[in-house]
Amino acid sequence: MITSDGYIKEKGDFYGLIVEADRRNQFEEFRKDGESTISEKPPHIYKNLEINFSHRGIEFLESSKFKLKNLRIRNSNYGIYFKGKELIIENSDVSLCDTGIYLLKGNGYIKETRVASSEVDVVYRGTSEIDICRSYIVNNKIGIYVDENSKPDLRNGYSYICHNLHYNLYNNTRFDLEAYMNWWGTLNKDSISLLIYDFFDDTSKGIVNFEPIWIPNIKVSSGIQVEQIEKEKTVDLVKINNVAFRYIEIELTLSKNQKSLWIFTMFPEKR
């Protein structure tokens, strides 16, 4: 763990990690017959890190490839600050930051990652085209903010982009964004549109295409709520399992049709 040693810990108590990778994007491999081939350098891997109370939790400066896995970054001005060539983030948690993930350029993807309880969850600026899939973008003021010439591919993301206070997705570019097959917290199209900023709010911006909507078996909410159970049905069995971070699994067995319902529930962080 890397954290502040201040008596009263605050965001920005120290700068954070700055990563300058090898400037060579290729390397030479020699085979047994003596011949050589030029190959792309594999991504630099950073995993099992925990960083708290920094200015920029981890900052990548060089045009190289990076893979982050099992990271936990909290209470920072910027959780991850990236302007490299390629970024892969998997199975990580970035929360309680001013900006969770700040992307200036590069390709890659964010997968099975939770970015939550921040001012802005994921910010795209410059020419970034990093995709988001199977992730949780929840409980922020703005979920995803896309600006300048960025063109993230959010289609078929199967992500939870919901329960954000002001906007789930803010398209501040002239480009249309494909964001279908994600869960927006509701099936009501008008309600979804209210939390998406695009052409229909400012005709100089592109349209966000969010249909068709992915309907998951698992719902994310800011408290316990069971949306699919009618009041007249009774519950025979409740089974609760811890999963990870602040998530739990709840299995409900209904007496009427004996179907089980699985729900992911997230509780607010204590401040």
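The structure this text deals with has already been given above.
In this report, we go over the structure that sits alongside the text.

### Quick look at the overall build of the protein chain
- For the protein chain, the helix and strand inventory stands at one helix and 26 strands.
- Restricting to contacts in the protein chain with at least 6 residues of sequence separation, those with at least 24 account for 39%.
- Of the roughly 14,000 Å² of accessible surface on the protein chain, 47% is carried by carbon and sulfur atoms.

### Looking at the environment of leucine 187
- In this structure, leucine 187 sits in the loop between β21 (177-178) and α1 (189-194).
- Leucine 187 gets classed as partly exposed once you look at its relative accessible area, which sits at 47%.
- It is 8.2 Å that separates the C-alpha atoms of leucine 187 and isoleucine 215, two residues lying 28 residues apart in sequence.
- Here leucine 187 is in contact with Ile192, Ile213 and Ile215, once residues within four sequence places are set aside.

### Side note on the pattern of salt bridges
- Here the structure, examined in full by the defined rule, presents nine salt bridges.
- Here arginine 114 and aspartate 93 are joined by a salt bridge, their closest N and O atoms 2.1 Å apart. Of the two residues, arginine 114 sits in strand β14 (residues 114-116) while aspartate 93 sits in strand β11 (residues 93-95), which places them 21 residues apart along the sequence.
- The class of arginine 114 is buried, set by a relative accessible area of 2%.
- Measuring nitrogen to oxygen at the nearest pair gives 3.1 Å for the salt bridge that ties aspartate 147 to arginine 125. Here aspartate 147 is found in strand β18 (residues 142-147), whereas its partner arginine 125 is found in the loop between β15 (120-124) and β16 (131-133), with 22 residues between them in sequence.
- Of the residues examined, arginine 125 reaches a relative accessible area of 25% and is grouped as partly exposed.

About the cut-offs
Residue indices begin from 1 for each chain and proceed along its sequence in written order. Two thresholds apply to this predicted model, a pLDDT of at least 70 for residue-level local features and 80 or more for giving and counting side-chain atom pairs, whereas whole-chain, interface and lining totals are computed over all residues. No hydrogens and no water enter the side-chain calculation; it runs on all heavy atoms of the structure. Numbered from the N terminus, helices here are DSSP runs of H or I no shorter than four residues, and strands are runs of E no shorter than two. In this analysis, two residues are considered to be in contact whenever any of their non-hydrogen atoms come within 4.5 Å of each other. Surface accessibility follows the Shrake-Rupley procedure with a 1.4 Å probe radius. Residue values consider only the protein chains on display as shielding. Only protein chains enter the area calculation, which uses a 1.4 Å probe; residues under 20% of their type maximum are buried, those over 50% are exposed, and those in between are partly exposed. By definition, a salt bridge exists where a carboxyl oxygen of Asp or Glu is found within 4 Å of a side-chain nitrogen of Lys or Arg.

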